[in-house]
Amino acid sequence: MKAPHRLYIETVGCQMNMLDSEMVVASLRQRGYELANSPGQADTILFNTCSVREQAENKTYSALGRLKQEKQSNPDKIIGVMGCMAQKDQRMIFQKAPFVDLVVGPGQLQQIPDLIEKARTEGGQHAALSLGRRDGAVKDIKRSHETYDPLRDPTMRPTPFQAFLRIQIGCDKFCTYCIVPMTRGPEQGRPPSQILDEAKILADQGCKEITLLGQTVNSYRFRDGDQTTRLADLLNQLESVDGIERIKFVTNYPKDMTYDLLSAVRDLPKVSPYLHVPLQSGSDAVLKRMKRGYTVADYREMMQRIDETLGEKAAISSDFIVGFCGETEDEFQASVEMVKECRFKNSFIFKYSERPGTRASDHLPDDISFEVKKRRNNELLAVQNQISEDGNQAFLGRHVDVLVEGPSKKADLDDRPSRGPIQLTGRTHCDRIVVFDGNERLVGQTIPIGIYDATAHTLIGTVVTQEATGEIVSLA
Ligand code: 5AD
Ligand code: SF4
C-alpha cells in the first residue's frame, strides 16, 4: 500500500488564519494526509501567512529561505504559501523563493488539495488568487473571495470543546494603515442558516464554546429579501443551540457597538460579556489620519453605553498602534490617558508598520523612528499592565466559573506522580486566564475556582469543592 502523504503546516497571524488552517488540514486529511511534526518529515509543507505587520512577513520569508536546501535535496516536496501574504505579494513570492510550488490567497483555499495534486503530477508553479479591490465589478470581486468552511473535524482543534466559527469575511472599513481589506476583500456576511447549522454540528461534536469570527464582527449583517439579520439576531438564534455553553465574538468596531447588541449580550446568558473593541489611538487627529471613522468622544460614549447595559460584568479589551505617521508626543500621551480612563482588561499594543498598498503608505510618511515607537510601546504597555493587574486583583477571594482548556505552559508533564494533579489553565466567561492545580480529567469541564492570587495576565486559584460552593459569588 502507498504510504500516506505527510503534511507540515505552520500558521502565523490572527484567529481567522487559525481557522483557515484547520479547514485546509481537515480537507487534506480527508484525502488521506497525515500530519508531520517538522518540515523534514513532510512531503507537503504549507505556510499560512499574515501581512498585517512587516515582521510577520519577514519571518515567513526567512522560514521559506531555510527550506531552499530541503527542496534541492528533495525536489518532490511540495511547498505552498497560503493566506494574506500570498494574496498581497502574489507571484512575487515565486521570484523571491523560486522553489515555492503554490501561492494561494485566503479566498481560494478550496483549491489547495487539487493544486497540490497538480503540482505533484504536472510540476510547475501554481497560483490561485482573488481579484484586487480595483480589479472589476464589486460582485465579481466578492465572488472571487470565497468563505471556506466546508468541514469541521474536532480532532483538528487544540481543544475539541472550543471552536472558531466564521460569520463574516473581508472588511470595508479601509483604515489607512491596514492591509486586510486588500488581502481578504470586501465585507461579506455568511447566511445565518449556514452559521446555525455549523454551530449545531460543533455542538454535536462536543464543542462547548464557540467564538464567532469577523474582521468587524459586530458590523455583521445578512440581507435576504427584505429581512436583515444582524449580530444581535444571530446571538439570539445561537443561544438556543443545545450543548453550546459560551458564545464569544471578535473583533468589534466601535461605531457598530449598538444598544441592541449590548442588550443581547446582557440578556443572553451564554454570550460572554467580553468585548474586544480596538480604539487604536486616543487622539482625534491620529484617528482621523487613520480614517477610523469615529472620535474619542464617540468611543467614550460607547464605553458609557457598555457600562449602562452591562455594568461591572463587562470586560473590555483594546488594540493600539503607537508611532503612526506623524504621531506627536502629545498625541501619544492621549493614548496613555485613554488607557487610564477606560481601564481595559488588556490591550494589544503594536508599533506602526508601513504596509505597501495601503493609503497611509501612499500618502503619509512613516516618520517616527523605531526607537521612539519602541519606547512608546513599552510605556503604554507598562500603564496597561498596571491596570490589568489592578483589575485582576479585584477577583481575590472570589469564585469564578472556568472552562478548563488543558495543562498550563508551566505544567511539568514529565515530572509528576502518575496521574497526579498538574497545573491546568482555563478561562472565565469574560475571558480572564485562570491557572490552578487539578486532575487532567477536568479538561473540557466548566468548574468553580476560588481565586487567591493575581498577576496582570493571570488569576491563580484552587478548585472549589462541593461543600465550599454554598456561597458562590460568580462574577465572571
Ligand atoms: N501596523 C501596526 N499594527 C497594525 N494593525 C493593523 N495594521 C497595522 C499596521 N500596519 C494592528 C491593529 C489591529 C491589529 C489586529 O493589528 O491594532 O487592530
Ligand atoms: Fe483593518 Fe480597520 Fe478593517 Fe480592522 S476595521 S480589519 S483595522 S481596515
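Please read all numbers here as calculations on a predicted model, not as lab measurements.

Colleague: Explanation requested: empty space enclosed by the protein in the structure shown.
Modeller: Rolled over the atoms, a probe with the dimensions of a water molecule shows which regions are left empty. Scanning all chains against the criterion turns up 1 cavity of 30 Å³ or more. There is about 60 Å³ of room inside the largest cavity. Lining the largest cavity, in full, are D20, P106, G107, H145, E146, T147, Y148, R166, I169 and R184. Taken together, the residues of the lining of the largest cavity sort by class into 3 nonpolar, 3 polar and 4 charged.

Colleague: Please explain the packing of helix α10 (residues 231–239) against helix α11 (residues 259–267) as it appears in this structure.
Modeller: The description of two helices packed together rests on the angle between their axes and the distance between the axes. Interaxial distance between α10 and α11 falls to 8 Å at its minimum, and their mutual angle equals 20°. Taken together, the axes of α10 and α11 lie roughly parallel to each other. When you trace α10 past α11, the crossing you get is left-handed. Contact residues: α10 offers L231, A232 and L235, while α11 offers D260, L261 and A264. For the contact of α10 with α11, the per-class residue count stands at 5 nonpolar, no polar and 1 charged.

Colleague: Got a minute to help me understand the site of ligand 1 in this structure?
Modeller: Taken together, V52, R53, Y177, Q280, D319, I321, F350, K351, Y352, S353 and R355 make up the full set of residues near ligand 1. A distance of 3.0 Å separates an oxygen atom of ligand 1 from a polar atom in the side chain of R53. One of the side-chain N or O atoms of D319 is found 2.6 Å from an oxygen atom in ligand 1. Within the complex, the protein chains bury 85% of what would otherwise be the 410 Å² of accessible surface of ligand 1. Looking at the shell around ligand 1, the elements that each hand over two or more residues are β15 (315–322) and β16 (346–351). Considered class by class, the residues forming the shell around ligand 1 number 5 nonpolar, 2 polar and 4 charged.

Colleague: Looking at this structure, I do not really get α11. What am I missing?
Modeller: Owing to its 3.6 residues per turn, the α-helix aligns residues three or four sequence positions apart on the same side. Restricting attention to buried positions, one finds in α11 the residues L261, L262, S263, A264 and V265. Looking at the buried residues of α11, the elements they touch are α10, β13 (246–250), β14 (274–276) and α13 (296–310).

Colleague: Looking at this structure, how should I read the nonpolar core?
Modeller: One recurring pattern in soluble globular proteins: nonpolar side chains tend to sit buried together. In this structure, I210, L212, L238, F249 and Y299 are the most contacted members of the largest nonpolar core, which totals 55 residues. If one sorts the elements of this core by residue count, α13 sits on top with 6 residues. Discounting chain neighbours no more than four positions away, the residues touching F249 are L212, V217, L231, L235, L261, V265, V271 and L275. The next biggest cluster of nonpolar side chains, apart from the first, holds 30 residues, and it includes I9, V24, I78 and Y274.

Colleague: Any chance you could explain the layout of surface pockets here in plain terms?
Modeller: By volume, the second largest pocket is sized at about 600 Å³. Surrounding the second largest pocket, 27 residues form its lining, E312, A314, A315, C342 and R343 being those nearest its centre. Counting only elements with at least two residues in the lining of the second largest pocket, the list comes to α13, β15, α14 (329–342) and α16 (370–393). Looking at side-chain class alone, the lining of the second largest pocket contains 12 nonpolar, 5 polar and 10 charged residues.

Colleague: Teacher, can you tell me more about unusual backbone geometry here?
Modeller: Residues other than glycine predominantly adopt negative phi, and peptide bonds predominantly adopt the trans conformation. Residues V250 and T251 are joined by a peptide bond in cis, for which omega reads -5°. Here T251 lies in the loop between β13 and α11. Positive phi is not limited to glycine here, since Q280 has a value of about 75°. Within the secondary structure, Q280 sits in the loop between β14 and α12 (284–290). In the Ramachandran plot, K291 falls in the positive-phi region, its phi being about 55° despite a non-glycine side chain. Within the fold, K291 resides in the loop between α12 and α13.

Colleague: Is there a simple way to explain the sheet that holds strand β1 (residues 6–11) in this structure?
Modeller: Sheet strands associate in pairs through backbone hydrogen bonding, adopting either a parallel or an antiparallel arrangement. Ordered by their spatial adjacency, 6 strands build an open sheet running β2-β1-β3-β4-β5-β6, and the pairing between neighbours is parallel. Every interior strand has two partners, whereas the edge strands, β2 (34–35) and β6 (126–128), have only one. As paired strands, strand β4 (residues 78–83) and strand β5 (residues 102–104) are joined by 3 bridges and run parallel to one another. By the bridge assignment, G80 is partnered in β5 with L102. Running at roughly 175° to β1, helix α1 (residues 15–30) makes contact with β1, β2, β3 (44–49) and β4 of the sheet.

Colleague: I would appreciate a short explanation of the domain arrangement of the protein chain in the present structure.
Modeller: In many analyses, interface size is given as the accessible surface area lost on bringing the parts together. Its domain assignment divides the protein chain into domain 1 (6–141) and domain 2 (399–468). Computed from C-alpha coordinates alone, the two centres of domain 1 and domain 2 are separated by 37 Å.

Colleague: Before we go on, may I ask you to explain the sheet that holds strand β19 (residues 433–438) in this structure?
Modeller: One closed barrel accounts for 5 strands, arranged β17-β18-β19-β21-β20; its pairing is mixed. Sheet twist, expressed as the mean angle between neighbouring strand axes with direction ignored, is 50°. Note that β19 and strand β21 (residues 459–463) share 4 bridges and pair parallel. Paired with F436 across the strands is G461, a residue of β21.

Colleague: How should I be thinking about the packing of aromatic side chains in this particular structure?
Modeller: Within a pair of aromatic rings, the relevant descriptors are the distance that separates the centres and the angle that separates the planes. Enumeration according to the criterion identifies 6 aromatic pairs in this entry. Ring centres 6.2 Å apart and planes at 80° place the aromatic pair Y177 and F324 in the edge-to-face group. Linking Y177 in the loop between β8 (168–169) and α8 (180–183) with F324 in the loop between β15 and α14, this pair joins segments that are 147 residues apart in sequence. Considered together, Y177 and F324 belong to a single accessibility category, that of buried residues. Here the aromatic cluster, defined as three or more aromatic residues joined through ring pairs, consists of Y253, Y294, Y299, F320 and F344. In this arrangement the basic side chain of K96 is found over the ring face of Y61, its NZ or CZ atom lying 4.2 Å from the centre. Over the face of the ring belonging to F395 we find R398, whose NZ or CZ atom lies 5.5 Å from the ring centre.

Colleague: It is not clear to me how the environment of R6 should be interpreted in this structure. Could you clarify?
Modeller: Following the sequence through the fold, R6 ends up in strand β1. Between the C-alpha atom of R6 and that of A42, which follows or precedes it by 36 residues, the distance is 4.7 Å. Beyond its immediate sequence surroundings of up to four residues, R6 is in contact with Y33, E34, L35, A36, Q41, A42, D43 and T44. Looking at R6, its side chain comes within polar contact range of the main-chain oxygen of Q41, at 3.4 Å.

Scoring rules and cut-offs
Note on numbering: residues in each chain are counted from 1, in written sequence order. Going through the entries in the order they are written, you letter the chains from A and number the ligands from 1. Under the rules for a predicted model, residues below a pLDDT of 70 receive no local features and side-chain atom pairs below 80 are neither given nor counted, while totals for whole chains, interfaces and linings still include all residues. The side-chain values count all of the structure's non-hydrogen atoms but skip hydrogen atoms and water molecules. Here the term cavity refers to a set of points on a 1 Å grid, laid over the protein atoms alone, in which a 1.4 Å probe fits but cannot get out; the term pocket refers to an open set having protein on both sides within 12 Å along at least five of seven lines, with lining residues being those that place an atom within 4 Å of a point. Grid points are joined across faces, edges and corners, and a volume is the space filled by probe spheres set on the points. When residues are sorted by character, Ala, Val, Leu, Ile, Met, Phe, Trp, Tyr, Cys and Pro go into the nonpolar class, Asp, Glu, Lys and Arg into the charged class, and all the rest, Gly among them, into the polar class. Where helices are involved, their axes are fitted lines through C-alpha atoms of the stretch in contact, as for all axes, and angles between N-to-C directions lie from 0 to 180°. Here a strand is any run of E in DSSP of at least two residues, a helix any run of H or I of at least four, and the numbering for each starts at the N terminus. For classification purposes, an angle smaller than 35 degrees is called roughly parallel, one larger than 145 roughly antiparallel, one from 65 to 115 roughly perpendicular, and anything else oblique. By definition, any crossing whose near helix is turned counterclockwise from its far helix by less than a right angle is left-handed, and any crossing with a clockwise turn is right-handed. We call two residues contacting when some pair of their heavy atoms lies within 4.5 Å. Any residue with a heavy atom lying within 4 Å of a molecule or strand is counted as near it. For the purposes of these results, a polar contact is taken to be a pair of N or O atoms within 3.5 Å, where, inside protein, one atom must be able to donate a hydrogen and its partner to accept one; residues adjacent in sequence count only when each atom of the pair is a side-chain atom. A 1.4 Å probe and the Shrake-Rupley method give the accessible areas. Residues count as covered only by the protein chains that appear here. Three exposure classes are used, based on accessible area relative to the maximum for each residue type with a 1.4 Å probe and protein chains only: buried under 20%, partly exposed in between, and exposed over 50%. The definition of a nonpolar core used throughout is a set of buried Ala, Val, Leu, Ile, Met, Phe, Trp, Tyr and Cys residues joined through side-chain atoms within 4.5 Å. Two strands are said to pair when DSSP picks up at least two bridges between them. All domain edges in this entry derive from an automatic or database-based domain assignment. Working definition: rings of Phe, Tyr and Trp (its six-membered ring) pair if their centres are within 6.5 Å, and the pair is stacked with planes under 30 degrees apart, edge-to-face with planes over 60 apart, and tilted otherwise. Geometrically, a charge over a ring is one whose NZ (Lys) or CZ (Arg) sits within 6 Å of the ring centre while staying within 35 degrees of the ring normal.

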